[in-house]
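Now for the letters of each chain:
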Amino acid sequence: MAWPNNHKKTEAIWQLLWDAKERLDIFDSHSEVRYFDDLFSTLKRLERCFYDCFGKGVYLSPVMIVKRANCNICGINIKACEHIPGHLYNGIPCKELIVDMIFEGVDIVQSPFDMRCRIWSWNFTDDMNFTGRILNLNRLDSFIDE
């Protein structure tokens, strides 16, 4: 297994792992038949492989106060509409679209909202600066296109 020695490939596989888990969770949660059990099992094995190779890791997480978020289905305030984030409506997953927020900073955490925001050891410089992702802005269609 050569990919753990290739940093770019490791990061790309980690990203796609969590993209797949997120997208499959949305569709699988709306079905009475478990279509994706084999795929979930394969993704779980891949996740364990990462943890065996690299440990649980630490992650970046944005600190923000969301003042208003709208529903992508109906366009009104997510707290006032009848749609539930993560549920499908006519094949479209409901999401919160942030309209107004205050960004306060970034924390380093062990249990992030978005696992794609992992800090990889090879992204540190000699003076302990590093690069990392703090938000995931992928769309379902960009995942399908890949």
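Structure first, text after, so check above.
Everything quoted here is computed from the prediction, not taken from an experiment.

S.K.: I'd like a description of the overall build of the protein, backed by residues and values.
M.R.: Summing up its helical and strand segments, the protein has three helices and five strands in all. When the elements of the protein are put in sequence order from the N terminus, they spell out α-α-β-β-β-β-β-α. Considering the protein as a whole, with its 146 residues, one finds that 31% of them fall into the buried category. A total of about 9800 Å² of accessible surface is found on the protein, and carbon and sulfur atoms cover 54% of it.

S.K.: Break down the pattern of salt bridges for me, with residues and values.
M.R.: Scanning the model with the defined rule gives five salt bridges in all. With its nearest N and O atoms 2.6 Å apart, the salt bridge here joins R116 to E22. Of the two residues, R116 sits in the loop between β4 (96-109) and β5 (118-119) while E22 sits in helix α1 (residues 7-28), which places them 94 residues apart along the sequence. Taking the relative accessible area as the measure of exposure, R116 reaches 7% and is therefore buried.

S.K.: Break down the sheet that holds β4 for me, citing the residues and quoting the values.
M.R.: Strand order in this open sheet of three strands is β4-β1-β5, and the pairing throughout is antiparallel. With one partner strand each, in any of the chains shown, β4 and β5 form the two edges of the open sheet. Pairing of strand β1 (residues 58-71) with β5 involves two bridges; the strand directions are antiparallel. Paired with V58 across the two strands is I119, which belongs to β5.

S.K.: Can you tell me about the nonpolar core, naming the residues and giving the values?
M.R.: Among the nonpolar cores identified, the biggest contains 15 residues, and W14, L17, W18, F50, Y51 and M115 are the most heavily contacted of them. Counting residues per element, the ones that place at least two in this core are α1 and α2 (37-54). Each residue touching L17, except ones within four places of it in the same chain, is listed here: L43, L46, E47 and F50. Counting residues in hydrophobic clusters, the runner-up holds five residues, among them A69, C71, I78 and C94.

S.K.: Run through the packing of aromatic side chains, naming residues and quoting values.
M.R.: The tally for this structure, following the rule as stated, stands at 10 aromatic pairs. Ring geometry for W14 against Y51: centres 6.0 Å apart, planes inclined by 70°, an arrangement best described as edge-to-face. Here W14, found in helix α1, pairs with Y51, found in helix α2; they are 37 residues apart in sequence, far enough to count as distant. The pair formed by W14 and Y51 is uniform in burial state, with each residue classed as buried. Between F54 and W120, the ring centres sit 5.5 Å apart and the planes meet at 90°, which makes this aromatic pair edge-to-face. With F54 in helix α2 and W120 in the loop between β5 and α3 (140-145), this pair connects stretches of sequence that are 66 residues apart. With relative accessibility at 25%, the residue F54 sits in the partly exposed group. A residue is classified by how much of its surface remains accessible, and W120, at 4% relative accessible area, is buried. Site record: aromatic cluster; members linked through ring pairs are W14, W18, F50, Y51, F54, W120 and W122. Above the ring of W14, the side-chain terminus of R118 is found at 5.1 Å from the ring centroid.

S.K.: For α2, give the residues involved together with the corresponding values.
M.R.: Taking 1.5 Å per residue, 18 residues should reach 26 Å; α2 reaches 26 Å between its end C-alpha atoms and fits that length. Among the residues making up α2, those that are buried are F40, L43, E47, C49, F50 and Y51. Just beyond α2, the residue with positive phi is G55, at close to 80°.

S.K.: Quick rundown of the pairing of β1? Include the residues and the values.
M.R.: Bridge count for β1 against β4 is 12 bridges, and the pairing is antiparallel. Across the sheet, the residue bridging to L60 is I108, located in β4.

Calculation notes
- Residues numbered from 1 in each chain as written.
- Predicted model: local features only at pLDDT ≥ 70, side-chain atom pairs only at ≥ 80, totals over all residues.
- Heavy atoms only, no water.
- Helix = DSSP H or I, 4+ residues; strand = E, 2+ residues; numbered from the N terminus.
- Buried < 20%, exposed > 50% of the residue type's maximum accessible area, 1.4 Å probe, protein only.
- Areas by Shrake-Rupley, 256 points an atom, 1.4 Å probe, with all protein chains shown as cover.
- Salt bridge = Lys/Arg side-chain N within 4 Å of Asp/Glu carboxyl O.
- Pairing = 2+ DSSP bridges.
- Core = buried A, V, L, I, M, F, W, Y, C linked by side-chain atoms within 4.5 Å.
- Contact = heavy atoms within 4.5 Å.
- Phe/Tyr/Trp six-rings, centres within 6.5 Å; stacked < 30°, edge-to-face > 60°.
- Lys NZ or Arg CZ within 6 Å of the ring centre and 35° of its normal.
- Expected span 1.5 Å × (residues − 1).

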